[in-house]
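A closer look at the structure
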Amino acid sequence: MGEGRPEGPPRRTSSPPSPRRLGSPSEIPLAEPTDHDMAHGRSNGSVPGMFPVLVVHGGAGHIPNERAELSLAGVRAAVRGGYAILQGQGSAMDAVVEAVTLLENNPLYNAGCGSVLNAKGEVEMDAMVMDGTDLSSGAVSAVRRVANPIQLARLVMEKTSHLCLTGDGASQFARAMGVPDVSEESLITEYARMRWKKNIAPDANPVECQMGKMGTVGAVAVDARGNIACATSTGGMLNKMEGRVGDTACIGCGGYADNKVGAVSPTGHGEAIMKVTLARLILFHMEQGCSAEVAADKALAYMKERVGGLGGVVVVDPQGGWAARFSSLQMSWAAAQNNTLHYGLYSDENFTQNIEDPH
Amino acid sequence: MEALRELVMKPVIVVHGGAWAIPDEMAKASVDGVKSAATEGFLAMKTGASALDAVELAVRALEDNPVFDAGHGAVLNANGEVELDAIIMDGRNLSAGAVCSVRNISNPVSLARAVMEKTDHVMLTGRGANMFAESVGVTTVPTDTLVTEWERSEWEKAKKYPTGVRELFNCHRGHDTVGAVAVDSSGNVACATSTGGIRNKMVGRVGDSPVIGSGGYADNVSGAVSCTGHGEAILKVTLARLILSNMEKGKGVSEAVDMSLGYMADRVHEGGGGGAIVVSQTGDWAAKFTTERMAWAAVKEEVIWSGLNPSEQFKETLTQ
């Protein structure tokens, strides 16, 4: 990265460390230096010792060329939105929900508006948030007609004593909370309908067609106080059966956050991610002393070998180390740390620009 | 090596009928129920059934038994309806199937197995799960047949004395998820968990049971776990996966469960009581809980072990 190992997080006199903070950075051994694991060839960088930090992804898989630039612009915009909250002393939870809301509102991604359609041509969405301070979490599965499932997931966490609400129950809860009911049409893009039509053609192979084309979105962050959070949202997989729930709504699979270890938001083949409980698996490796990057690579390699699934993850650790890693061909991702914006799409890409740069 | 392992592996099954404050009047029926379910699963494995078959059989037996909160005997949600969750997992290849918030299905565990075997998905929810049940010919039953008179009266009582969701949630009733774990003579492990959830839950509430890594997990590399207790706490620590990760680090089965239950109680503020059953790939087993009681039974080498209160362990020779 060329920046060398930083001394510690930026001192922010306006924000004394909160009592929930687990220890000053000097007491926590810094993550190992950033010598990238070239064996996996997808080295997206990691700068330990600096927070706040925010990393987002717009889904792992194969992104058509004509959508690649837009996809990168979208994750950069999302990371800027979330990072502004962190710079204003906002919480990691606020930042990940803001970043994911921006991605849900962007029709380019498979979440919120732009979600893929199920076998019946309908939109059913899954989302989850988790707060690493106390492991509290909220999720919704197979929810319909809400613009921002991620905000509904957060309401489940904050307003109920449950962790997950599904289907009609989730919709009833949304109405009770005053979340506006939006039309199904407002969530469906031309592109989503075109792909759905293509995939219900008699000679189509839906599974083959969409392997890795899933633009689930997600974010992980560490705020200035050292609190950690994750958020993930998706329309699921194209032509899924009605009622199919993927990894995104399942804690430990589609996301996990723990102030003591870090946070993960995955994307990719949902069923494979579930079988290996990918988010939790990566954090287990980190508990054993692996860096975010090494843990992510180990777990993604294991998922490929054990259940034949491809995917990608964004990861942060409590010292502000971060990683964006994937075993699929591409993953659009962006990260913000120390006023620098990092982003990439293919393996080994790590473009940087100043956070103030509007493009 | 494979052949040698097949020769030495003795099948083991452990089942639980839920970790909670089981009232005295239900104690005997609960212990009898888990013993009979464990015996059924064990005898099937003796005659060549897989661990997967055995856990499904045992959980079906518990679902059919109205003493337990799963299938027939399930608790009612805030609208007075039954919504059932279940999961099954095969440790050979980590394949899994789960259903959540299904209605009028008497054996959700078998529907979960159909999701595993007949779809590309791991989990189906609500109406979609019920439609899938119809399409594969899984028997549906009128919902009322799943509701016991006892549950209807308990639910009416709870309705009459409205409490905040948090109080309801902490009530002692309705923690009795059922589950089973097994290792068969080929050394394959499997788990299954099934529940009606908690009384007066919000419509659509999904607990730990159908969530892979929380309500259950099975992996031939380590073992199989089925959990019960405070669902939201179990989810927060992904209890099943946590127990197996402690075993992967070299802990014995009992220690791994104790450590994980202790961690859950410490880490989750609102108090996380629960229980878990576990088998290792080598046939070690444990049944532990931090709640007042948990009905459990285990069968290994023609001996049936069972218990209800903490540290209780009765031993009998299996009579066929």
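What counts, and where the lines are drawn
Residues numbered from 1 in each chain as written. Chains lettered and ligands numbered in written order. Predicted model: local features only at pLDDT ≥ 70, side-chain atom pairs only at ≥ 80, totals over all residues. Heavy atoms only, no water. Helix = DSSP H or I, 4+ residues; strand = E, 2+ residues; numbered from the N terminus. Buried < 20%, exposed > 50% of the residue type's maximum accessible area, 1.4 Å probe, protein only. Contact = heavy atoms within 4.5 Å. Areas by Shrake-Rupley, 256 points an atom, 1.4 Å probe, with all protein chains shown as cover. UniProt positions renumbered as here; feature names shortened; annotations may be inferred. pLDDT = per-residue confidence, 0-100. Buried area = accessible area lost by both parts, 1.4 Å probe. Salt bridge = Lys/Arg side-chain N within 4 Å of Asp/Glu carboxyl O. Polar contact = N/O pair within 3.5 Å; in protein donor to acceptor, adjacent residues only side chain to side chain. Nonpolar A, V, L, I, M, F, W, Y, C, P; charged D, E, K, R; others polar. Pairing = 2+ DSSP bridges. Core = buried A, V, L, I, M, F, W, Y, C linked by side-chain atoms within 4.5 Å. Axes fitted to C-alpha atoms, helices over the stretch in contact; angles between N-to-C directions. Left-handed = near helix turned anticlockwise from the far one by under 90°.

Looking only at helices and strands, chain A features 10 helices and 15 strands. Burial statistics for chain A: of 359 residues in total, 66% are counted as buried. A separation threshold of at least 6 residues defines the contact pool for chain A, and within that pool the share at least 24 residues apart is 69%. Only carbon and sulfur atoms are counted for the fraction: they give 52% of the accessible area of chain A, which is about 12,300 Å².

With that out of the way, let us pick up the UniProt feature "binding site: substrate" (unreviewed entry) in chain A. Residue and element names in this part refer to chain A. Per the UniProt record, "binding site: substrate" (unreviewed entry) is annotated on Arg244, Val245, Gly246, Asp247, Thr267, Gly268, His269 and Gly270. Turning to its location among the elements, Asp247 is positioned in the loop between strand E8 (244-245) and strand E9 (256-258). Here Asp247 falls in the buried class, since its relative accessible area comes to 5%. Not counting the four nearest positions on each side in its chain, Asp247 is found in contact with Cys253, Gly254, Gly270, Ile273 and Met274. Within the secondary structure, Gly268 is located in strand E10 (residues 262-268).

Moving on, we get to the confidence of the model for chain B. All names here are of chain B. Considering every residue of chain B, the mean pLDDT works out to 90; 92% of them sit at 70 or more. With pLDDT under 50 throughout, residues 164-172 is counted as low confidence; its partners more than four residues away or in other chains account for 17 contacts. With pTM at 0.89, the complex prediction returns an ipTM value of 0.92.

All names here are of chain A. The sites that carry the UniProt feature "active site" (unreviewed entry) are, in the present numbering, Thr216. Among the secondary structure elements, Thr216 is positioned in the loop between strand E5 (213-214) and strand E6 (217-222). Residues within four places of Thr216 in sequence aside, it is in contact with His57, Gly58, Gly59, Asn110, Thr232, Ser233, Thr234, Thr248, Pro266 and Thr267.

What follows covers the interface of chain A and chain B. Interface size is commonly expressed as the accessible area that is lost once the parts come together. Each side of the interface is counted separately: chain A has 48 residues, and chain B has 49 residues. Of the roughly 3,900 Å² buried between chain A and chain B, counting both surfaces, carbon and sulfur atoms make up 60%. Considering only the side of chain A, the residues that lose the most area to chain B are His162(A), Lys275(A) and Arg306(A), jointly responsible for 16% of the buried surface there. One salt bridge in this structure joins Arg306(A) and Asp219(B), with 2.9 Å as the shortest N-O distance. At the surface where chain A touches chain B, the tally comes to 19 residue pairs in polar contact (both at pLDDT 80 or more). For the side of chain A that touches chain B, the elements supplying multiple residues, two or more each, are strand E3 (136-143), strand E4 (164-166), helix H4 (167-176), E8, E9, helix H8 (270-275), helix H9 (278-287) and helix H10 (292-307) of chain A. Here the element with the most residues in the side of chain A that touches chain B is H4(A); it accounts for four residues. Class assignment of the residues belonging to the side of chain A that touches chain B gives a composition of 21 nonpolar, 14 polar and 13 charged.

This part is about the pairing of strand E12 (residues 322-326) of chain A. All names here are of chain A. The buried fraction of E12 amounts to five of the five residues, a majority that puts the element mostly inside the structure. Bridge count for strand E11 (residues 311-316) against E12 is five bridges, and the pairing is antiparallel. Across the sheet, the residue bridging to Val316 is Trp322, located in E12.

What follows deals with the nonpolar core. The tendency in soluble globular proteins is for nonpolar side chains to be buried as a group. Residues and elements named next belong to chain A. Judged by nonpolar contacts, the single largest core of 105 residues is most densely connected at Val55, Leu278, Ile282 and Val316. In this structure, Leu278 is in contact with Gly252, Cys253, Pro266, Ile273, Ala299, Leu300, Met303 and Val313, ignoring residues within four places of it in sequence. One finds Val100, Val129, Ala153 and Ala231 within the second-largest nonpolar core, a separate group that totals 56 residues.

What follows concerns the packing of H9(A) against helix H9 (residues 239-248) of chain B. Relative to each other, H9(A) and H9(B) sit at 35 degrees, their axes nearing to 11 Å. The handedness of the crossing between H9(A) and H9(B) comes out as right-handed. For the pair formed by H9(A) and H9(B), the contact residues are Arg280(A), Leu281(A) and Phe284(A) on the first element and Arg241(B), Leu242(B) and Ser245(B) on the second. The class makeup of the residues in the contact of H9(A) with H9(B) is three nonpolar, one polar and two charged.

Looking now at the UniProt feature "binding site: substrate" (unreviewed entry) in chain B. Residue and element names in this part refer to chain B. Residues given the UniProt feature "binding site: substrate" (unreviewed entry) here are Arg205, Val206, Gly207, Asp208, Thr228, Gly229, His230 and Gly231. Checked against the element boundaries, Gly229 lands in strand E9 (residues 223-229). Note on Gly229: relative accessible area 8%, which makes it buried.

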